[in-house]
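Structure assessment
Listed below, chain by chain, are the residues.
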Amino acid sequence: MLEMMEEEDGFDDDAPVGPLLPPDDRLWRHPSEVAGVAATRPPQKLGLFSSAGQPRVLAIAVLSGLISSLLTTGLIVVAGGFKDRTVTHRSVEKEAALPVSATLRGNGSNPGIVEIAERVRPAIVQIEVEGAEGTGSGSGVLLRSDGHVLTNHHVIDGADKITVVMADGQERPGKLIGGDPDTDVAVVKVEGASHPTATLGSATNLKVGNQAIAIGSPLGLAGGPSLSVGVVSALGRQVDSRDGPPLLDMIQTDAPIAPGSSGGALLDSTGAVIGITTAIAVSDVGAEGLGFATPIDIARDVAEQLITTGKVVHVWLGIEGEDATSNSGALVRKIRADSPAAKAGVKERDVITSVAGKPVTSMSALVVALRTRKPGQVVTISLSRDGKNLTVEATLVERPKNL
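A quick note: this is a predicted structure, and the numbers were derived from the prediction, not measured.

**Observations regarding the overall build of the protein**
Across its full length, the protein holds seven helices and 23 strands. When the accessible area of the protein is evaluated, it comes to approximately 20600 Å², of which 52% is carbon and sulfur surface.

Written out as structure tokens, the structure reads:
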């Protein structure tokens, strides 16, 4: 259509119009003068278009690979809100600085952005990894003064060597304590004592529209952590992984998150950590301005288990299912023999509507409702069967290792 319009109007829109001043005397350039520069840029490779030719949208884990890094392989994840359109896109390689001085000053009860940055930046670290498949860079949050650092599992996955760069630029060797791919949470330990720590808050009472502050060490850049400001855009998002389990109950934010910020902190208006930044949404036209963070309540629970026992225990109910279409809930499709669900009397085609009084609106919500439970706990399950409401009790067990 554009070519037809150019032929009809009779003008050559790509050629300079009239005599031009010397380039040094002008504040602009005609496209024909920069065509040679643009031609030297490598074309983007886009794929996975829909049958109608529409580009699809992805959320990509924000681990910054150092150009040739292969550690990020398999870290492309699909945001639940963009399931109908997907496209691969290489990571952003430049960061636009946010002028902190342009933000509002705070008062005594609600500190301003500048005060929050000064207080939290010392507790944010950069994590550099080396492995058989390449090198990469991510971020981390010091959660204990003895040097325990909270980060993402995909940041350290496959790493043979971990180096932690403190906010002041000091480099220290890092020791992996453990990681959990189900929640994409890991813990790394650095030497030394009396490290500055971040204040951990809670995502329980978050509301859409609350202020959100992202802080991390993007792209492996020197000079310490960087900060950006936005709001909580949505709650309870599902981010589906191409090569791993889906990330559930994620916090969505429009606070700019650059590659390399994986494992950094998402803060509330008081500077307390409410999430660990994990993924960003991109499309064929670039970043979509959407980031995703793991709620700190989940990350903290996983970190405590890793520090205490070196592993994470996930409970098991023993069902397979899908979102119910007729009403809200989790539709049971299959029940494992001798599982807690089978022993409790749950049957195929039942729709689970709540667990321990917490509403269950989908299979993802069922997983989230059970996530903080421990083996041996008895939970009350409300379900619908053939139009009748029933209640059963199930004793949860640890998930079998082969599942």
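There is more to say after this.
**As for the pattern of salt bridges**
In a structure, side chains of opposite charge can pair up when their charged atoms sit close to one another. With the rule as written, the count across this model stands at six salt bridges. A salt bridge links Arg 300 to Asp 297; the shortest N-O distance between them is 3.9 Å. In this pair, Arg 300 and Asp 297 both sit in helix α5 (residues 296–309), three residues apart, roughly one turn of the helix. The partner of Glu 320 in a salt bridge is Arg 336, with the nearest N and O atoms 3.1 Å apart. A residue pair is termed long-range when its members are at least 10 positions apart, and Glu 320 in strand β17 (residues 319–323) and Arg 336 in the loop between β18 (330–335) and α6 (340–344) qualify at 16 residues. On the basis of relative accessible area, Arg 336 is assigned to the partly exposed category, the value being 33%.

**Regarding the confidence of the model for the protein**
Close inspection of predicted coordinates is inappropriate in any region flagged by low pLDDT. Averaged over the protein, the pLDDT score is 75; the fraction of residues at 70 or greater is 68%. A low-confidence stretch, residues 23–58 (pLDDT under 50), is modelled with 61 contacts involving residues beyond four sequence positions or located in other chains. A low-confidence stretch, residues 63–109 (pLDDT under 50), is modelled with 125 contacts involving residues beyond four sequence positions or located in other chains.

**Examining the pairing of strand β9 (residues 185–190)**
Counting buried residues in β9 gives five out of six residues, a clear majority hidden from the surface. Pairing analysis gives four bridges linking strand β6 (residues 148–151) to β9, with the strands arranged antiparallel. Each residue of the ladder has a partner; that of Val 149, found in β9, is Val 188. Where strand β8 (residues 171–180) and β9 come together, six bridges link them in antiparallel fashion. Directly across from Asp 180, in β9, lies its bridge partner Val 185. Linking two consecutive strands that pair antiparallel, namely β8 and β9, is a turn of four residues; a positive phi of about 55° is found at Asp 184 within it.

**Focus on the side chain of Ser 384**
Examined against the element boundaries, Ser 384 turns out to sit in strand β21 (residues 378–385). Owing to a relative accessible area of 16%, Ser 384 belongs among the buried residues under this scheme.

The rules we used
- Residues numbered from 1 in each chain as written.
- Predicted model: local features only at pLDDT ≥ 70, side-chain atom pairs only at ≥ 80, totals over all residues.
- Heavy atoms only, no water.
- Helix = DSSP H or I, 4+ residues; strand = E, 2+ residues; numbered from the N terminus.
- Areas by Shrake-Rupley, 256 points an atom, 1.4 Å probe, with all protein chains shown as cover.
- Salt bridge = Lys/Arg side-chain N within 4 Å of Asp/Glu carboxyl O.
- Buried < 20%, exposed > 50% of the residue type's maximum accessible area, 1.4 Å probe, protein only.
- pLDDT = per-residue confidence, 0-100.
- Contact = heavy atoms within 4.5 Å.
- Pairing = 2+ DSSP bridges.

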